[in-house]
Amino acid sequence: TALAKDDYRLDYNAATHTIKWTLTAAGIGKLPFKGEDYHFKAKVTFPADVADQSQVSAQAKTVIDKQTESSNVVKTTLANQREITVHHYMTDSTDQIAPDEKVKVGYGKAFSVKSQVKSVTGYQYNAKLDVQTSGTANKATGDAILYYDPLPYNIHVNYLLEDGQQ
């Protein structure tokens with residue numbers, strides 16, 4: 001049975017990060033209590049920018065007729081990552097020299113996309129012009145841009161005269 005907002009009360013203690021869920025008399029009256037087994041399910045929503053790999057735990061404590069029971073502690077790790085598109089451009093232009101790549105970074109964690117993308121053949125990476133290629137991931141972290149300069153190479157030209165001589 002789903003409960004309406006007046007059927008329970010939630011109190012949050014920011015110092016201990018504890019949520020107290022209290023079933024009101026109205027809520028108790030709506031539940032079909034039978035026997036001694038009671039099952040409650042809580043759905044918790046975290047902010048979008050909670051740090052990746054944060055450890056969270058939950059434990060329920062019930063008090064019915066002045067008898068206190070505690071549940072087992074449930075622990076989990078939050079996987080909160082965002083995907084960054086990495087663009088590969090020629091220096092001083094938006095000419096794409098390699099396909100875009102996708103890199104996953106964790107919120108609240110330091111990242112560097114350079115170590116996670118493929119090198120581009122025939123070009124030298126230009127670190128001076130990077131755009132958002134490292135830092136700490138948050139909801140403002142956008143696309144990353146890596147700039148490259150073409151590698152110099154020698155072209156050997158042999159001239160032939162009309163009679164075939166060099």
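Here is a short report on the structure shown in this document.

How each quantity is defined
- Residues numbered from 1 in each chain as written.
- Predicted model: local features only at pLDDT ≥ 70, side-chain atom pairs only at ≥ 80, totals over all residues.
- Heavy atoms only, no water.
- Core = buried A, V, L, I, M, F, W, Y, C linked by side-chain atoms within 4.5 Å.
- Buried < 20%, exposed > 50% of the residue type's maximum accessible area, 1.4 Å probe, protein only.
- Helix = DSSP H or I, 4+ residues; strand = E, 2+ residues; numbered from the N terminus.
- Contact = heavy atoms within 4.5 Å.
- Phe/Tyr/Trp six-rings, centres within 6.5 Å; stacked < 30°, edge-to-face > 60°.
- Lys NZ or Arg CZ within 6 Å of the ring centre and 35° of its normal.
- Patch = residues over 30% accessible without salt bridge, like charges linked within 9 Å, V, L, I, M, F, W, Y side chains within 5 Å.
- Areas by Shrake-Rupley, 256 points an atom, 1.4 Å probe, with all protein chains shown as cover.
- Salt bridge = Lys/Arg side-chain N within 4 Å of Asp/Glu carboxyl O.
- Polar contact = N/O pair within 3.5 Å; in protein donor to acceptor, adjacent residues only side chain to side chain.
- Pairing = 2+ DSSP bridges.
- Axes fitted to C-alpha atoms, helices over the stretch in contact; angles between N-to-C directions.

### Topic: the nonpolar core
Now for step 1: Within the largest apolar cluster, 14 residues are counted, with the highest numbers of intra-cluster contacts made by V86, V103, V105, F111 and V113.
Now for step 2: Counting residues per element, the ones that place at least two in this core are β7 (81-90), β8 (96-106) and β12 (144-150).
Now for step 3: Broken down by element, the residue count for this core peaks at four residues, all from β8.
Now for step 4: Other than its neighbours up to four places away in sequence, F111 contacts I84, V105, Q132, T133, S134, G135, T136, A137 and T141.

### Some points on the packing of aromatic side chains
Now for step 1: Under the criterion given, the structure shown has two aromatic pairs.
Now for step 2: With 6.2 Å between their ring centres and 55° between their planes, Y89 and Y147 make a pair best called tilted. Of the two residues, Y89 is situated in strand β7 and Y147 in strand β12; the sequence distance between them amounts to 58 residues. Across the pair, Y147 and Y89 agree in class, each one buried.
Now for step 3: One Lys or Arg, K114, reaches over the ring of Y125 and ends 4.5 Å from the middle of that ring.

### Focus: a nonpolar patch on the surface
Now for step 1: Taken together, the side chains of L10, Y12, I19 and W21 make up a nonpolar region of the molecular surface, amounting to roughly 440 Å² of accessible area.
Now for step 2: At the level of elements, β1 (8-13) and β2 (18-23) are the ones that each hand at least two residues to the nonpolar patch.
Now for step 3: Considering the arrangement of structural elements, one finds L10 in strand β1.

### A word on the side chain of H88
Now for step 1: The topology assignment puts H88 in strand β7.
Now for step 2: Taking the relative accessible area as the measure of exposure, H88 reaches 0% and is therefore buried.
Now for step 3: Among the polar contacts made by the side chain of H88, one reaches the side chain of E101 at a distance of 2.9 Å.
Now for step 4: At 2.9 Å, the side chain of H88 forms a polar contact with the side chain of Y148.

### Focus: the pairing of β7
Now for step 1: In the sheet, β7 pairs with β8 via eight bridges, with the strands oriented antiparallel. For E83, the partnering residue across the bridge sits in β8 and is K104.
Now for step 2: Between the antiparallel neighbours β7 and β8 lie five residues, among them D92 with a positive phi of about 65°.
Now for step 3: Bridge count between β7 and β12: five bridges; the pairing is parallel. Of the residues in β12, the one forming a bridge with V86 is A144.

### Considering unusual backbone geometry
Now for step 1: Phi is positive for D92, close to 65°, though the residue is something other than glycine.
Now for step 2: Assignment of secondary structure puts D92 in the loop between β7 and β8.
Now for step 3: For D92, a relative accessible area of 73% gives the class exposed.
Now for step 4: The backbone phi angle of Q132 is positive, close to 50°, even though this residue is not glycine.
Now for step 5: Turning to its location among the elements, Q132 is positioned in the loop between β10 (123-131) and β11 (134-136).

### Some words on the side chain of T91
Now for step 1: When you line up the elements, T91 lands in the loop between β7 and β8.
Now for step 2: Separated by 3.4 Å, the side chains of T91 and N126 make a polar contact.

### Some thoughts on the sheet that holds β7
Now for step 1: Across the sheet, four strands lie side by side as β8-β7-β12-β10; this open sheet has mixed pairing. A single partner strand is all that each edge strand has here, and the edge strands are β8 and β10. For this sheet, the mean angle separating the axes of adjacent strands, direction not counted, is 30°.
Now for step 2: Both β10 and β12 contribute to a ladder of five bridges, which runs antiparallel. By the bridge assignment for β12, V131 is matched with I145.

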